[in-house]
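# Residue-level structure breakdown
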Amino acid sequence: MDRGLVVRRATAGDIERLARVHVQCWQETYRGMLSDAFLAAVDPADRLRLWRHLLDRQEPAEVWVACDGGTVVGFGGARLLPAPGSPEGHPPPSSGDLELWGLYLLASHQGLGLGRRLLVAALGTNAASLWVAAGNSRAIGFYRRFGFEPDGIEDILPDWEDLPEIRMVRPAQLFP
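A quick note: this is a predicted structure, and the numbers were derived from the prediction, not measured.

Along its length, the protein chain carries five helices and seven strands. If you list the helices and strands of the protein chain from N to C, you get β-α-α-α-β-β-β-α-β-α-β-β. In terms of overall size, the protein chain behaves like a compact globule, its C-alpha atoms giving a radius of gyration of 16 Å where 176 residues would be expected to give roughly 16 Å. For the protein chain, the C-alpha atoms occupy an extent of roughly 40 × 40 × 35 Å along the three principal directions.

Next up, the structure:
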């Protein structure tokens, strides 16, 4: 049973709920990887500014939301990397210029198929890259099930308590 679970394009009407879900997902996802003080200090107003920038404009970004009975419980979004590639100063990914910049679900809604649906909505079967916290084994396992593998490129996020992350890439998929 799908419990009224749907994935749809995000709209400007989703901005406030997306900001709250974004912060809650970070707090759930990065618990144990980042300090409790860091996670408690995440400012929902910063996420609100981001979501307004992405969705409250003439041509909104391509963002997808997962909803349970009409309530936003997660999101996924992809973007084209600027030429010549990775904004982090790393060599361009072998997968090309499509990057999954975010895929988050509330812990209460993981394992229900929404992550797969968000991934397919955001990327289709296209070759793509993504960055994931090196210590997030659950997410790494999830992405591996959909053809992503680490490409050996690593980074550190200084503003995130030096959180290590890895880049994963996948070739075009025959089946999502």
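What follows picks up the thread again.
The next thing to look at is the environment of R8. The topology assignment puts R8 in strand β1 (residues 5-9). C-alpha separation for the pair R8 and A121, spaced 113 residues apart in sequence, amounts to 8.2 Å. Non-local contacts of R8, meaning those with residues more than four positions away in its chain, are made with D14, V63, W64, V65, C67 and V72.

This brings us to the nonpolar core. Within the largest apolar cluster, 53 residues are counted, with the highest numbers of intra-cluster contacts made by Y30, W51, L123 and Y143. Among the elements that line this core, the one with the most residues is helix α1 (residues 15-29), at seven residues. Those residues in contact with L123 that sit more than four places away from it in its chain are A78, L98, L100, A128, F148 and R170.

Before going further, it helps to spend a moment on unusual backbone geometry. The backbone phi angle of E161 is positive, close to 55 degrees, even though this residue is not glycine. Relative to the assigned elements, E161 resides in the loop between β6 (149-157) and β7 (163-170). By relative accessible area, which is 40% here, E161 ends up partly exposed. At D162, a residue that is not glycine, the phi angle is positive and equals roughly 60 degrees. Relative to the helices and strands, D162 resides in the loop between β6 and β7.

Cut-offs used in this document
- Residues numbered from 1 in each chain as written.
- Predicted model: local features only at pLDDT ≥ 70, side-chain atom pairs only at ≥ 80, totals over all residues.
- Heavy atoms only, no water.
- Helix = DSSP H or I, 4+ residues; strand = E, 2+ residues; numbered from the N terminus.
- Rg over C-alpha atoms; globule rule 2.2 N^0.38 Å.
- Contact = heavy atoms within 4.5 Å.
- Core = buried A, V, L, I, M, F, W, Y, C linked by side-chain atoms within 4.5 Å.
- Buried < 20%, exposed > 50% of the residue type's maximum accessible area, 1.4 Å probe, protein only.

Shape descriptors only; they carry no functional weight alone.
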